[in-house]
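Listed below, chain by chain, are the residues.
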Amino acid sequence: MSTPVFPVLPKPHIGTQHTTIDNSLKSEMTNGCIVTRKKYSRQLHKFQLFWPALLQTYLTTLLTFYQTCNGGSANFTWTDDLGVSRTVRFDSDITCKPVTSSRWEVNVTLAEV
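In this text, all values refer to a predicted model and were calculated from it rather than measured experimentally.

Novice: In this structure, what is going on with the layout of surface pockets? I would like to understand it.
Specialist: Empty space among the atoms becomes apparent when a probe as large as a water molecule is rolled across them. When its volume is computed, the largest pocket comes out at roughly 260 Å³. What lines the largest pocket is a set of 14 residues, and nearest its centre among them are Phe6, Pro7, Leu9, Trp78 and Thr79. It is strand S5 (residues 76-79) that provides the largest number of residues to the lining of the largest pocket, a total of three residues.

Set out below in structure tokens:
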């Protein structure tokens, strides 16, 4: 089965938040020293996508894709603002509220896998 691809939507708001996830595992020893090491072999990221006024048709497309992926249970391919293709999953609910009769403010977070 091939990996689904994120639907074609207008670019998210310019202020899309990109978070680099801490890649360390820390353990406190009995003498108070803290020992650290890499938790996994590559650096992972999260992306908070925000559309201040997404058209209803695009929102419907996004919600349908979310259902297709069963929320955060399926991986899919998404291309970030720099043109880097990443394998991600939904890491949050999709929150949306109407701003006009045909446009919605939409937030969702994607996590690299």
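Novice: Sorry if this is basic, but what is going on with the packing of aromatic side chains here?
Specialist: Describing an aromatic ring pair means giving the distance of the ring centres and the angle of the ring planes. Across all of its chains, the model carries seven aromatic pairs by this definition. Between Phe65 and Phe76 the ring centres are 5.0 Å apart and the planes differ by 85°, which places this aromatic pair in the edge-to-face class. Of this pair, Phe65 sits in helix H1 (residues 56-68) while Phe76 sits in strand S5, and the two are eleven residues apart along the sequence. Seen in terms of ring centroids, Phe65 and Phe90 are 6.0 Å apart; in terms of plane orientation they differ by 65°. Their pairing is edge-to-face.

Novice: What is the right way to read the pairing of strand S2 (residues 24-28) from this model?
Specialist: Remember that side chains alternate between the two faces of the sheet whenever the strand is regular. Sheet analysis places S2 next to strand S3 (residues 34-38), joined by five bridges and oriented antiparallel. Among the inter-strand pairings, Ser27 is bridged to a residue of S3, identified as Val35. Counting the residues that bridge the hairpin from S2 to S3 gives five residues, and of these Gly32 lies at a positive phi of roughly 95°.

About the cut-offs
Here the residue numbering is sequential within each chain, running from 1 through the sequence in written order. Two thresholds apply to this predicted model, a pLDDT of at least 70 for residue-level local features and 80 or more for giving and counting side-chain atom pairs, whereas whole-chain, interface and lining totals are computed over all residues. No hydrogens and no water enter the side-chain calculation; it runs on all heavy atoms of the structure. Within this scheme a cavity is a closed region of a 1 Å grid, computed over the protein atoms alone, that accommodates a 1.4 Å probe without allowing it to escape, whereas a pocket is open but has protein on both sides within 12 Å along at least five of seven lines; lining residues each have an atom within 4 Å of a point. Grid points are joined across faces, edges and corners, and a volume is the space filled by probe spheres set on the points. Strands are runs of DSSP state E lasting at least two residues, helices are runs of H or I lasting at least four, and both sets are numbered from the N terminus onward. Think of it this way: a Phe, Tyr or Trp ring, Trp meaning its six-membered ring, pairs with another when their centres are within 6.5 Å, and the plane angle makes it stacked under 30 degrees, edge-to-face over 60, tilted otherwise. DSSP calls a pair of strands paired once it identifies at least 2 bridges connecting them.

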